[in-house]
Amino acid sequence: MKIDSVITSVNFHPDYLTFVKPWREFWSNMGMSTHLCYVRSGDKFLDEVAEQAINPDSVHYRIENMDYGVQAKIARFYMASKFVGTFLVTDVDMMPTNRSFLEPYKNAPQDHLVQFGVDHFSYQRAPDIGKWPSHGVAANMETFQEILRSDEVENMQELVNHWTGRAWQDLRCNPVNRFPYFSDESLMRELVRSWNQPDR
């Protein structure tokens, strides 16, 4: 797998905004292009200040009745399914210590989903068996589209509405949950199970 770009998302939370500049610089120094998603707060002044400071590549309006932090988590996956190329999904506040982090991805076929950290001890006990960290997930646009089914909707709001109406086995998948009760890792696990492509 050849990764074309590294993608992450933030909202106005100051703890994350401060990481944007070092995040961009780090991945640029690694020879990678970056894509930053910003989820607007709804406060015009604050959003103008944030957008001038971080210069996002894509901007998303806040979805009504949805936790602001949950939307920010989902935005990076959604945008990775909308642009041509292969994306490495990252957390803005997590950066590897050396280039060897990228080596395992080279062994994966281009149309596969890389579940980096799937063997981590945190995911070897219930109810988290079968999950993997969101940071480090990689796939191309078409694969993300197949998993998220984002090619069937016009925007992120419609995708969230589709997920909200599903009967999830893991209740932490529901995107209308408040931030402490939502897990994008749980959501991805269930979406991948529904995708039913064990060889990819």
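Up top is the structure these notes are about.
Residues numbered from 1 in each chain as written. Predicted model: local features only at pLDDT ≥ 70, side-chain atom pairs only at ≥ 80, totals over all residues. Heavy atoms only, no water.

J.: Where do I start with the overall build of the protein in this structure?
T.: From N to C terminus, the protein includes seven helices and five strands. Taking 200 residues into account, the globule formula puts the C-alpha radius of gyration at 16 Å, and the protein, at 16 Å, falls close to it. Structurally, the protein occupies a C-alpha span of about 45 × 40 × 30 Å along its principal axes. Long-range contacts, defined here as pairs at least 24 residues apart, represent 67% of the contacts in the protein between residues at least 6 apart. By element, 51% of the accessible surface of the protein is carried by carbon and sulfur atoms, the whole surface being about 10,300 Å². Computing the positive centroid from 20 side-chain charges and the negative centroid from 27, the protein places the two 3 Å apart. (Helix = DSSP H or I, 4+ residues; strand = E, 2+ residues; numbered from the N terminus. Rg over C-alpha atoms; globule rule 2.2 N^0.38 Å. Contact = heavy atoms within 4.5 Å. Areas by Shrake-Rupley, 256 points an atom, 1.4 Å probe, with all protein chains shown as cover. Lys, Arg positive; Asp, Glu negative; His and termini not counted. Charge placed at Lys NZ, Arg CZ, Asp CG, Glu CD.)

J.: Before we go on, may I ask you to explain the sheet that holds strand 4 (residues 86–89) in this structure?
T.: Across a sheet, paired strands are connected by hydrogen bonds in the backbone, their directions being either parallel or antiparallel. Across the sheet, which stays open at both edges, the five strands sit in the order 3-2-1-4-5 with mixed pairing between neighbours. One side of each edge strand has no neighbouring strand; the edge strands of this open sheet are strand 3 (58–60) and strand 5 (138–140). Mean inter-strand twist for the sheet, computed between neighbouring axes without regard to direction, equals 25°. Of the pairings in the sheet, the one linking strand 4 to strand 5 comprises three bridges and is antiparallel in character. Bridge pairing in strand 5 places threonine 86 opposite asparagine 140. Strands in contact with helix 2 (residues 20–29) are strand 1 (5–10), strand 2 (33–39) and strand 4; relative to strand 2, the strand with the most contacts, it is inclined by about 160°. (Pairing = 2+ DSSP bridges. Axes fitted to C-alpha atoms, helices over the stretch in contact; angles between N-to-C directions.)

J.: What am I meant to see in the pattern of salt bridges here?
T.: As a working rule, side chains carrying opposite charge can pair if their charged atoms are close by. Taken as a whole and judged by the stated rule, the model has 16 salt bridges. A salt bridge links aspartate 111 to arginine 200, with the nearest nitrogen and oxygen atoms 3.7 Å apart. With aspartate 111 in the loop between strand 4 and strand 5 and arginine 200 in the segment after helix 7 (184–195), this pair connects stretches of sequence that are 89 residues apart. Judged by relative accessible area, aspartate 111 falls into the partly exposed class, the value being 35%. Counted as one network, the salt bridges with shared partners bring together Asp128, Lys131, Asp170, Arg172, Arg189, Glu190 and Arg193. (Salt bridge = Lys/Arg side-chain N within 4 Å of Asp/Glu carboxyl O. Buried < 20%, exposed > 50% of the residue type's maximum accessible area, 1.4 Å probe, protein only.)

J.: Even after reading the chapter, I still don't get the environment of phenylalanine 77, so can you show me in this structure?
T.: Structurally, phenylalanine 77 is set in helix 4 (residues 68–80). Given a relative accessible area of 4%, phenylalanine 77 falls into the buried group. The spatial distance from the C-alpha of phenylalanine 77 to the C-alpha of threonine 90 is 9.9 Å, given a sequence separation of 13 residues. For phenylalanine 77, the residues in contact, after removing those within four places along its chain, are Val89, Ser134, Val137, Phe144, Leu148, Asp184 and Met188.

J.: Teacher, can you tell me more about the nonpolar core here?
T.: Trp27, Leu88, Leu102, Leu113 and Phe144 are the most contacted members of the largest nonpolar core, which has 58 residues in total. In terms of residue count, helix 4 provides more of this core than any other element does, nine residues in total. What leucine 88 contacts, discounting residues up to four positions off in sequence, is Ile3, Ser5, Val6, Ile7, Trp27, Phe101, Leu102, Tyr105, Gly136, Val137 and Ala138. (Core = buried A, V, L, I, M, F, W, Y, C linked by side-chain atoms within 4.5 Å.)

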